[in-house]
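One-letter residues, chain by chain:
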Amino acid sequence: MDRGIVIFLGALLTFSSSWLGLVVFPFRQLGQEQPYQKDEGDIPYPQPLQGLALAGMRVYQHNGCMYCHTQQVRSEKFGDWWDANGEHKTGADIKRSYGLRRTVSRDYIYDNPTMLGTMRTGPDLANIGVRNPSEPWHHTHLLNPRSANSWSIMPSFAFLYAREKIVGSRSDKALSLAREWTVDPGYRWRPSAKEWEAILARQGDSLVAQYTAGQPAAIDITTTEGKKRLLEFWLTTPEEEYQVVPKAEGEALVAYLLALRKAEFPLPEAKE
Amino acid sequence: MAVTVAEMSQHDRAKSAAERAAIDASCRGPVLVFASSAVFWLLAGSMLALLASVKLHVPYLFTGSAELTFGRVRMAHLQAVGIGWASLASVAACLWLMCRLSRAELIYPKMLYLAGALWNIGVSLAVVGIILGDGQSVEWLDAPPYAPPFFVAALGIVSAWTVAVFRRRREPHLYVTQWYLLGAVFWFPWIYLVAQFMIFWSPAVGVVQPIVNWWFGHNVLGLWFTPVAVGTAYYLIPKIIGRPVHSYYLSIIGFWSLALFYSWAGMHHLIGGPIPAWLATASTVGSMMMFIPVIAVAINHHMTLLGHFHRLRYSPALRFTVFGAISYTLVSFQGSLMALKSVSETVHFTHYIVAHAHLGAYAFVTMIMFGLFYYMIPRLTGREWASSVLIRIHFWCAAVGITTYFVALSIGGWWQGRMMNNPDVPFANIVAYLLPHWLTRTLAGLMLTIGHVAFAISFVMNLAGWGKQRSGGPTFFVEPEKKT
């Protein structure tokens, strides 16, 4: 027989084994899973994403959140650790409130693509919609994660937000953040010394009035110390004429995050 | 390969030199197209890598830009270096080595130019598409849906041509490199098509997607880059030191056990995940069995080199190749150990995995491809490398850079895993702990990039005709006068 044919057949056979075992077989075993319904009339779990949340999944996908965040909870037996008394324990994920139980294949039957993730530079997000259901928190965090956690290295997603002049009254959707976070969205803004002098010259008196209204201690803005203290105060107040609101993509992304509620609903196969 | 100098008459030698020259001439155009686009994507990929790396410890860098957000840059990097640099270099290796070893000319080069163009269009669409916001978040397969048809067409041509050259072979003796190359050009289209089909064209349900994803992601390294790189080392090491491979049988064992076991090893990427437990177990067994091919190749290369280590001082090609071959042993041993439950439960989801991936894709595959380029390019262009200084810069930047990279992220990743598995450690502490490791990785990446720039300058100078005309052996050592 031709040596080339031998190699070809050999390569075909060895490789087919893994193709059948690791691809075709799981496909047949897992491809038919149905949502779970305990009793007739219950709402089946899981439910497919719809509308805004579905659009938000695309934002999550296209911006590669998956490369820092997983969406899977591992069982109580996974991973060793030792507590302060030196006692051996396992299963950090559930103790970190990433879910009430481990995730199983049924949790994902409507996911497409299925973004399990492989890296936890940030925390797991499988149940973030339950763990932190606050819509305003997610918006402020996404605009600039350091506004929520000063130690964060998560990128700012300021491009999902728009800074606009307020016409009439402030929008309901406007983020309630201080001006240090909204003047230059995505960054933490501070005026330069010169800019601050100009602002003081223009509206120093009214700022002092504002400052002393909340806090009876007097302030002398002719001193460097006083200027600094007033600046710190001023930075924590909201902008008067501008607001930051989510763009459609930002709203969709948060809707998706709030819809992430895996590993909460009890499933019979996820007992241990 | 096993023919010795003495057995060859003067006449035969002249004849085989002429034949080699004719083969190299037939390869020149197409192989240089693949090689130069590979170098281009290496540079582009390095820039993207650096940017992603810096962003982890300086999150405010370009923070207003959607295009340059970490997730997109990370995806674009992998496409540029994986489907761009490493794959294009592998294609160059497949074509040239297959022609050399089959003693056959490359025919119909026009189709290969077309393949090169399609491939580059594919990578460009992938990288630019991801940056503009079409990334797919499927690791290794992030290219937007309009890019893969270009790769598939190009890959089809390349595979067909490699096989066609093999079928026109004049050399009756089959060398082990040819086995590896044939395996590679057969497996890669298969895994790529299956993955595209089951994840995008007709998406499988739920967790079947990540299963297919890691079957692909692991095999693209194991059954595409690995066979090409190991095959290249099997060619270069004996060729440069001028003695035959230590054991033919070991090389056969190495090949078939690789084919059988590597393909089973991928599921450990999903350990502890929502997949049937038997899948991860099967992969653990596969990973353990990988000791067989790895030890076989390690012994073979080591024994071939034995007594000839001094040549590492003279031959840049040999230096890169041997660095790569040693890394192959290391990365595979590490990979097998990582399949152990206690190890994998610690390092899963951490930067330890990133370190391991770069030990494989860079220290092993990329270094061997550098070795091949240093050997092959002068034979195609007929010019020596113009500057030994540039080559030295390249080697030391690459060697020190990747070692630093690996050590920094392995240590960082290990403790990241230990801390993550302990719920008493707040997440903030883990992030703070990783910062210096990320910074070190950036410095290492900077070194690698400097090396790549030196390499690219050398490469362009050679194409542009700097450097002296080739007269037999390559620049830094005298090739033992011999045979095919």
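### Let's talk about the overall build of chain B
Regarding its fold elements, chain B presents 14 helices and zero strands. Each helix and strand of chain B, placed in order from N terminus to C terminus, yields the pattern α-α-α-α-α-α-α-α-α-α-α-α-α-α. Residues classed as buried in chain B amount to 65% of the 484 residues present. Sequence separation of at least 24 residues holds for 84% of the intrachain contacts in chain B that already meet a minimum separation of 6. Total accessible area on chain B stands at roughly 16,000 Å², and carbon and sulfur atoms take up 72% of it.

### Quick notes on the domain arrangement of chain B
Residues and elements named next belong to chain B. Partitioning chain B into domains gives domain 1 (21–173) and domain 2 (227–467). For domain 1 versus domain 2, the distance between C-alpha centres works out to 19 Å. Listed per partner, the contact involves 29 residues of domain 1 and 31 residues of domain 2. Between domain 1 and domain 2 the total buried area reaches about 2,600 Å² when both faces are included, carbon and sulfur atoms providing 79% of it. The three residues of domain 1 that bury the most area against domain 2 are His57, Trp85 and Trp96, which together make up 20% of that side's buried surface. Viewed at the interface, domain 2 and domain 1 are joined by zero salt bridges. Applying the counting criterion to the domain 1 and domain 2 interface returns seven residue pairs in polar contact (both at pLDDT 80 or more).

### Observations concerning the packing of aromatic side chains
For the structure shown, the criterion picks out 50 aromatic pairs over all chains. Ring centres of Trp189(A) and Trp234(A) lie 6.0 Å apart, and the angle between their planes is 65°; this geometry places the pair in the edge-to-face category. Of the two residues, Trp189(A) sits in the loop between helix H6 (179–182) and helix H7 (193–214) while Trp234(A) sits in helix H8 (residues 224–235), which places them 45 residues apart along the sequence. Measuring from centroid to centroid gives 6.2 Å for Phe323(B) and Phe395(B), while their planes differ by 90°, and the two rings are edge-to-face. Here Phe323(B) is found in helix H10 (residues 316–338), whereas its partner Phe395(B) is found in helix H13 (residues 388–420), with 72 residues between them in sequence. Judged by relative accessible area, Phe395(B) falls into the buried class, the value being 7%. Taken together, Phe8(A), Phe15(A), Trp19(A), Trp179(B), Tyr180(B), Phe186(B), Trp187(B), Trp190(B), Trp215(B), Tyr234(B), Phe255(B) and Trp256(B) form an aromatic cluster joined through their ring pairs. Directly above the aromatic system of Phe395(B) lies the positively charged group of Arg319(B), at a separation of 5.1 Å from the ring centroid. The ring of Tyr375(B) has Arg379(B) sitting right over it, with the charged end atom 3.7 Å from the ring centre.

### Points about the side chain of Ser137(B)
Tracing the backbone through its elements, the reader meets Ser137(B) in the loop between helix H3 (109–134) and helix H4 (148–167). A relative accessible area of 1% means that Ser137(B) is categorised as buried. Side-chain polar atoms of Ser137(B) contact the backbone oxygen of Gln61(A), separated by 2.6 Å. The contact partners of Ser137(B), leaving out residues within four places of it in the chain, are Tyr60(A), Gln61(A), Gly64(A), Met66(A), Tyr67(A), Met115(A), Met75(B) and Asp142(B).

### Comments concerning the packing of helix H2 (residues 70–102) of chain B against H4(B)
In a packed pair of helices, the relevant descriptors are the angle between the two axes and the axis-to-axis distance. Residue and element names in this part refer to chain B. Contact pair H2 / H4: the axes reach a minimum separation of 8 Å and the direction vectors enclose 20°. Relative to H4, the element H2 lies roughly parallel. Relative to H4, H2 is oriented so that their crossing is left-handed. For the pair H2 and H4, the contacting residues are Ile83, Val91, Cys94, Leu95, Met98, Cys99 and Ser102 in the first and Phe151, Val158, Trp161, Thr162, Val165 and Phe166 in the second. By residue class, the composition of the contact of H2 with H4 is eleven nonpolar, two polar and no charged.

### Observations concerning the domain arrangement of chain A
As a measure of interface size, the accessible area lost when the parts come together is often cited. All names here are of chain A. When its domains are assigned, chain A resolves into domain 1 (51–164 + 250–270) and domain 2 (179–237). Centre-to-centre separation of domain 1 and domain 2, based on C-alpha positions: 37 Å. Of the residues lining the interface, seven residues belong to domain 1; the matching set on domain 2 comes to seven residues. Between domain 1 and domain 2 lies a buried interface of about 570 Å² when both sides are counted; carbon and sulfur atoms form 63% of it. Together, Leu143, Asn144 and Arg163 form the three largest contributors to the area buried by domain 1 at its contact with domain 2, with a combined 62%. Our count for the contact surface shared by domain 1 and domain 2 stands at zero salt bridges. At the junction of domain 1 with domain 2, the criterion picks out four residue pairs in polar contact (both at pLDDT 80 or more). Considering only residue class, the side of domain 1 that touches domain 2 consists of two nonpolar, three polar and two charged.

### Some thoughts on the pattern of salt bridges
If charged atoms from side chains of opposite charge come close, those side chains can pair. All names here are of chain A. Throughout the structure, instances matching the rule amount to 21 salt bridges over all chains. Here Asp107 and Arg101 are joined by a salt bridge, their closest N and O atoms 2.9 Å apart. Under the relative-accessibility criterion, Asp107 is labelled buried at 2%. Relative accessible area serves as the criterion here: at 8%, Arg101 is assigned to the buried category. Note that Lys227 and Glu197 form a salt bridge whose closest N and O atoms lie 3.0 Å from each other. You can see Lys227 sitting in helix H8 and its partner Glu197 sitting in helix H7, a full 30 residues away along the chain.

### Quick word on unusual backbone geometry
Going from Tyr45(A) to Pro46(A), the amide bond is cis rather than trans, its omega being -5°. With respect to the secondary-structure elements, Pro46(A) resides in the loop between helix H1 (3–30) and helix H2 (51–62). Note that the residue after Asn112(A), namely Pro113(A), is joined by a cis bond; omega there is 0°. Following the sequence through the fold, Pro113(A) ends up in the loop between helix H3 (92–95) and helix H4 (128–131). One non-glycine residue, Arg103(B), lies in positive phi territory at about 50°. The phi torsion at Trp140(B) lies on the positive side, around 80°, for a residue other than glycine. Examined against the element boundaries, Trp140(B) turns out to sit in the loop between H3 and H4. Trp140(B) gets classed as buried once you look at its relative accessible area, which sits at 14%.

Calculation criteria
Residues numbered from 1 in each chain as written. Chains lettered and ligands numbered in written order. Predicted model: local features only at pLDDT ≥ 70, side-chain atom pairs only at ≥ 80, totals over all residues. Heavy atoms only, no water. Helix = DSSP H or I, 4+ residues; strand = E, 2+ residues; numbered from the N terminus. Buried < 20%, exposed > 50% of the residue type's maximum accessible area, 1.4 Å probe, protein only. Contact = heavy atoms within 4.5 Å. Areas by Shrake-Rupley, 256 points an atom, 1.4 Å probe, with all protein chains shown as cover. Domains from an automatic or database assignment. Buried area = accessible area lost by both parts, 1.4 Å probe. Salt bridge = Lys/Arg side-chain N within 4 Å of Asp/Glu carboxyl O. Polar contact = N/O pair within 3.5 Å; in protein donor to acceptor, adjacent residues only side chain to side chain. Phe/Tyr/Trp six-rings, centres within 6.5 Å; stacked < 30°, edge-to-face > 60°. Lys NZ or Arg CZ within 6 Å of the ring centre and 35° of its normal. Axes fitted to C-alpha atoms, helices over the stretch in contact; angles between N-to-C directions. Parallel < 35°, antiparallel > 145°, perpendicular 65-115°, else oblique. Left-handed = near helix turned anticlockwise from the far one by under 90°. Nonpolar A, V, L, I, M, F, W, Y, C, P; charged D, E, K, R; others polar.

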